[in-house]
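Architecture at a glance
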Amino acid sequence: MKYAYLGPAGTFTEAALLQVPGAGDCERIAASSVNSALEMVRLGQADAAMVPIENSVEGGVSATLDAIAAGESLQIVAEVLVPISFVLAVREGITSLEQIREISTHGHAWAQCRHWAETNIPAASFTPASSTASGALGLLDPETHHDAAICSPLVAKEKNLKVLVREVEDHAGAVTRFILVTRPGAIPAPSGVDKSTLILPLSEDRPGALMEFLEQFTARAVNLSRIESRPTGAGLGHYFFSVDVEGHIAEERVSAALAGLHRLCPELRFLGSYPAAQGTRPFIDTHNSDSAFVESRAWVQSLKSRL
Ligand SMILES: O=C(O)C(=O)C[C@]1(C(=O)O)C=C[C@@H](O)C=C1
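Residues numbered from 1 in each chain as written. Predicted model: local features only at pLDDT ≥ 70, side-chain atom pairs only at ≥ 80, totals over all residues. Heavy atoms only, no water.

1. Concerning the overall build of the chain
Just so we agree on the cut-off: Numbering of helices and strands runs from the N terminus; a helix is a DSSP stretch of H or I covering at least four residues, while a strand is a stretch of E covering at least two. Contacts were defined at the residue level, with two residues in contact if any of their heavy atoms lie within 4.5 Å. Note that accessible areas follow from Shrake-Rupley with a 1.4 Å probe, and for residues the cover is restricted to the protein chains shown. Positive charge is attributed to Lys and Arg, negative charge to Asp and Glu, and no charge count is given to His or to the chain ends. To locate a charge, take NZ of a lysine, CZ of an arginine, CG of an aspartate or CD of a glutamate.
Assigned secondary structure in the chain consists of nine helices and 15 strands. Across its three principal directions, the C-alpha atoms of the chain cover 85 × 45 × 35 Å. A fraction of 75% describes how many contacts in the chain between residues 6 or more apart in sequence connect residues 24 or more apart. Of the roughly 15,100 Å² that the chain leaves accessible, carbon and sulfur atoms contribute 54%. Of the charged side chains in the chain, 24 are positive and 35 negative, and the gap between their average positions amounts to 4 Å.

Printed below as a string of structure tokens:
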């Protein structure tokens, strides 16, 4: 297996990838962006890519949500959670917060530490980096200008960087969710606690259009664990919905909801069913059980056999 991930080495994304059984012993390709990691999978240069999708404080990672919603279809086969805590690492010679003029980090990391930075280093400006690790590595590069980087404690330790402050995040206990993405293929077998991810383009802007989508889930007791709207890029007011539901396509109630959605929106994109990283087995009423669906279909079929 060849794995691509948002690099360079030392990102939280690499930490997520290393949680995948066996990935530590496989070839790992550090990509410079989420888009290029996913493109490597589409082009067959990597078998799978690990990318961030959602943070418990800052929300969805737009680069990932947009890249998997468009282009050649991909499939999510696993998700991984990583607890997030940041340190403020500084360039050689910096000994106090007052000396810091410029901080670099990934935009999502900055959003999780902005309040701390604005309170403690109000004069410092923010320079976006392609990842927390690349901001950290910049501190060793004389060509870059930033004096400080917000990064993981691990990359600071591995690169021997001086850490001025630990735990600079605004909310303790943050978690980022990462997804492992492959080309479409075999769907992982149901584990009992699963998720399915869908992209629903809202092609018609009219009252009740979103409600019609949601009714497909409600009628079959399929719980949504995430729903986000993203602009399609076609102009103001044009959106698609990125949705995670609790359940596996192998379950009758989930596949029935998908069939209903497909009737409403044939352009719907199914991004996979895969084991949820946390959660409990959903409670399913008798009338929404697999056997109830099978039995009711057989009943209708028996009536239709008299046609
Ligand atoms: O820059 C990194 O280290 C990443 O892996 C990216 C990323 C993200 O996109 O959210 C991952 C986890 C943290 O929330 C901050 C940055």
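Now that the structure has been shown, the text picks up again.
2. Regarding empty space enclosed by the protein
With a probe scaled to a water molecule rolled over the atoms, the places where space remains empty come into view. We apply this condition: Lining residues are those with an atom within 4 Å of a point, where the points come from a 1 Å grid over the protein atoms alone and group into cavities, where a 1.4 Å probe fits but cannot get out, or pockets, open sets with protein on both sides within 12 Å along at least five of seven lines. Grid points are joined across faces, edges and corners, and a volume is the space filled by probe spheres set on the points. Under the scheme applied here, ten amino acids are nonpolar (Ala, Val, Leu, Ile, Met, Phe, Trp, Tyr, Cys and Pro), four are charged (Asp, Glu, Lys and Arg), and all others, including Gly, are polar. Boundaries between domains were set according to an automatic or database domain assignment.
For the structure on display, the rule yields two cavities of 30 Å³ or more. Approximately 190 Å³ is the volume found for the largest cavity. Forming the boundary of the largest cavity are 17 residues, of which Phe12, Pro52, His106, His108 and Thr132 lie nearest the centre. Secondary structure elements with two or more residues in the lining of the largest cavity: helix 1 (12-17), strand 3 (48-55), helix 4 (107-120) and strand 11 (174-182). Broken down by element, the residue count for the lining of the largest cavity peaks at three residues, all from helix 4. Residues belonging to the lining of the largest cavity are distributed by class as follows: eight nonpolar, nine polar and no charged. Here the lining of the largest cavity spans two domains, since at least three of its residues come from each of domain 1 (1-84 + 173-186) and domain 2 (87-166). Taken together, Ser196, Leu198, Phe217, Val222, Val245, Val254, Ala257, Leu258 and Phe270 make up the lining of the second largest cavity. Taken together, the elements giving at least two residues each to the lining of the second largest cavity come down to strand 12 (194-201) and helix 8 (252-264). It is helix 8 that provides the largest number of residues to the lining of the second largest cavity, a total of three residues. For the lining of the second largest cavity, a count of residues per class yields eight nonpolar, one polar and no charged.

3. Notes on the site of the ligand
Rules: The rule for a residue being near a molecule or strand is that one of its heavy atoms must lie within 4 Å of it. Polar contacts, as used here, are pairs of N or O atoms within 3.5 Å; protein pairs need one atom able to donate a hydrogen and one able to accept it. Residues neighboring in sequence count only if both atoms are side-chain atoms. More than half of a molecule's atoms within 2 Å of the grid points is what it takes for that molecule to sit in a cavity or pocket.
Near the ligand, the surroundings consist of 14 residues, among which Phe12, Thr13, Gln112, Thr132 and Thr176 are the closest. At 2.5 Å, a side-chain N or O of Thr13 approaches an oxygen atom of the ligand. When atoms are counted within 2 Å of each cavity's grid points, the one that captures over half of the ligand is the largest cavity. Mapped by element, the contributors of at least two residues to the shell around the ligand are helix 1, strand 3, helix 4 and strand 11. When its residues are assigned to classes, the shell around the ligand shows five nonpolar, nine polar and no charged. Residues lining the shell around the ligand come from more than one domain, with at least three contributed by each of domain 1 (1-84 + 173-186) and domain 2 (87-166).

4. What to know about helix 3 (residues 62-69)
Rules: Burial classes: relative accessible area under 20% of the type maximum marks a residue as buried, over 50% as exposed, and values in between as partly exposed (1.4 Å probe, protein chains only).
Buried within helix 3 are the following residues: Thr64, Leu65, Ala67, Ile68 and Ala69. Positive backbone phi, approximately 70°, marks Gly71, located one or two places after helix 3.

5. A closer look at unusual backbone geometry
Here the residue pair Gly7 and Pro8 is connected by a cis peptide bond, since its omega of 0° sits within 30 degrees of zero. You will see that Asn160, though not glycine, has its phi angle at about 60°, which is positive. Here Asn160 is to be found in the loop between helix 6 (153-158) and strand 10 (162-166). By relative accessible area, which is 72% here, Asn160 ends up exposed. The backbone of Ala221 sits at a positive phi, close to 55°, despite the residue not being glycine.

6. Focus: the side chain of Arg253
Looking at the secondary structure, you find Arg253 in helix 8. Among the residues examined, Arg253 registers a relative accessible area of 2% and is labelled buried. A distance of 2.8 Å separates a polar atom in the side chain of Arg253 from a polar atom in the side chain of Glu251. Excluding residues within four positions of it along the chain, Arg253 makes contact with Arg220, Ala221, Val222, Glu246, Gly247, Pro282, Ile284, Asn288, Asp290 and Phe293.

7. Focus on the layout of surface pockets
A volume near 350 Å³ is recorded for the largest pocket. What lines the largest pocket is a set of 21 residues, and nearest its centre among them are Glu79, Arg177, Lys195, Ser225 and Gln278. Elements with a minimum of two residues in the lining of the largest pocket: strand 3, strand 5 (75-84), strand 11, strand 12, strand 13 (224-231) and strand 14 (239-246). In terms of residue count, the dominant contributor to the lining of the largest pocket is strand 11 (three residues).

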